[in-house]
Amino acid sequence: MDTQKDGKTPNLSAEEQHDVEKNQPPRAAVLHEIIRTQGDQELERSVAALWWSALAAGLTMGLSLMAMGLLNSRLPDGEGFKVIASFGYCAGFLAVILARQQLFTENTLTAVLPVMTKPTLNNFGRLIRLWGVVLFGNLCGTLLVAYVMLHLPIFDTKTDLAFLDIGRKIMENSASQMFAKGIISGWMIATMVWMIPSMESAKMWIIILITYLMALGDFTHIVVGSAEVSYLVFAGELPWKDFWLVFAGPTLAGNIIGGSCIFALISHAQIRSESGPPKLGTDQQADPRKLKK
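Here the residue numbering is sequential within each chain, running from 1 through the sequence in written order. Residues qualify for local features only when their pLDDT is at least 70, as the model is predicted, and side-chain atom pairs are given and counted only at 80 or more; totals for whole chains, interfaces and linings, by contrast, use all residues. With hydrogens and water stripped out, all remaining heavy atoms of the structure feed into the side-chain values.

Our focus in this paragraph is the layout of surface pockets. The space that makes up the second largest pocket amounts to roughly 770 Å³. For each structure, a 1 Å grid was placed over the protein atoms alone; sets of points admitting a 1.4 Å probe that cannot get out are labelled cavities, open sets with protein on both sides within 12 Å along at least five of seven lines are labelled pockets, and lining residues have an atom within 4 Å of a point. In terms of lining, the second largest pocket is formed by 31 residues, of which the most central are N72, K82, I166, K169 and D218. Listed by contribution, the elements that provide at least two residues to the lining of the second largest pocket are α4 (62–74), α5 (79–85), α10 (157–170), α12 (203–216) and α13 (222–234). Helix and strand definitions follow DSSP, with helices as H or I runs of at least four residues and strands as E runs of at least two, each counted in order from the N terminus. In terms of residues, the lining of the second largest pocket owes the most to one element, α10, which gives seven residues. Class assignment of the residues belonging to the lining of the second largest pocket gives a composition of 14 nonpolar, seven polar and 10 charged. Grid points are joined across faces, edges and corners, and a volume is the space filled by probe spheres set on the points. Nonpolar residues are Ala, Val, Leu, Ile, Met, Phe, Trp, Tyr, Cys and Pro. Charged residues are Asp, Glu, Lys and Arg, and all others, Gly as well, are polar.

This is the structure:
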């Protein structure tokens, strides 16, 4: 089959050419701009709106602890069944992200891109405000849900023991392990956020894939983990000092580094290094109306 000098397939109709263009995946620059715009909108939200959404997210993330505990208590012992029980970890993330509630680790990418694009003192201030309110709201929600799950007569003894085992497994890590695993967790959440705009129809499966791998790898996450570890604290098995110094502090630092300092920085650098918009063929002219679409 003959081809044109520029390598294009000849004799395509205008409709066929349109189909080719329509089925092209979005450029990285387009994904960057979508997420940057979302982040800018989040930075503009009021403190009250951020707080209530973050509190709701923290409460909702208790679904991950609840689902894993219920599955662990009802499945037979054995590593093979632990692989099945890890699917429970996805429950909280699915509910929070699909409900568009404020999750701190999402904002380590979304809200950071506007600051990297325009690094002004005002933008840095808006970022710190958002991070502070969202993190505080998430932690309040997870601590509250862990306290309620322990002290109200909701679950049977076997399920309560499963909740304790989940927290104990996390606290087997040293502070340095919490930090290192938190980096991977932050990077994975940022990857998920980056993927979703290009595959909106498969959003649910992307969330399940990424968060299930997080559960299998026992990677530490500041929001889900705070529900799991605070359950131990409220049960009297762990002092608050260990909660903050061994788990929360190192995990939070790792999540921020993985999501912001690694993924967001590299993704932003990739876009900044691109020379400009895609080149058009010699027989094409840029149509601003098409570019907007």
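Here the UniProt-annotated "transmembrane region" (unreviewed entry) positions come out as residues 49–71, 83–99, 128–150, 178–197, 204–224 and 244–266. Taken end to end, residues 49–71 comprises 96% helix and 0% strand; its first and last C-alpha atoms sit 34 Å apart. The span residues 83–99 is 71% helical and 0% strand by assignment, and the distance between its end C-alpha atoms comes to 27 Å. UniProt positions are given in the numbering used here, feature names are shortened, and annotations may be inferred rather than shown by experiment.

Formed by 71 residues in total, the largest nonpolar core has its most connected members in F93, L109, M192, W194, I222 and F247. No other element matches helix α9 (residues 121–151), which puts 11 residues into this core. Whether two residues are in contact is decided by their heavy atoms, any of which lying within 4.5 Å being enough. Beyond its immediate sequence surroundings of up to four residues, M192 is in contact with I97, I206, I207 and I210. Residues enter a nonpolar core if they are buried and are Ala, Val, Leu, Ile, Met, Phe, Trp, Tyr or Cys, with the set joined through side-chain atoms within 4.5 Å. Three labels apply to residues, based on accessible area from a 1.4 Å probe with only protein chains included: buried if under 20% of the type maximum, exposed if over 50%, partly exposed otherwise in between.

This paragraph deals with unusual backbone geometry. Within the chain, R100 stands out as a residue other than glycine whose phi angle is a positive 60°. Residue placement: R100 occurs in the loop between α6 (90–98) and α7 (104–110). Phi is positive for D218, close to 55°, though the residue is something other than glycine. As for its position among the elements, D218 is in the loop between α12 and α13. We classify D218 as partly exposed; its relative accessible area is 33%.

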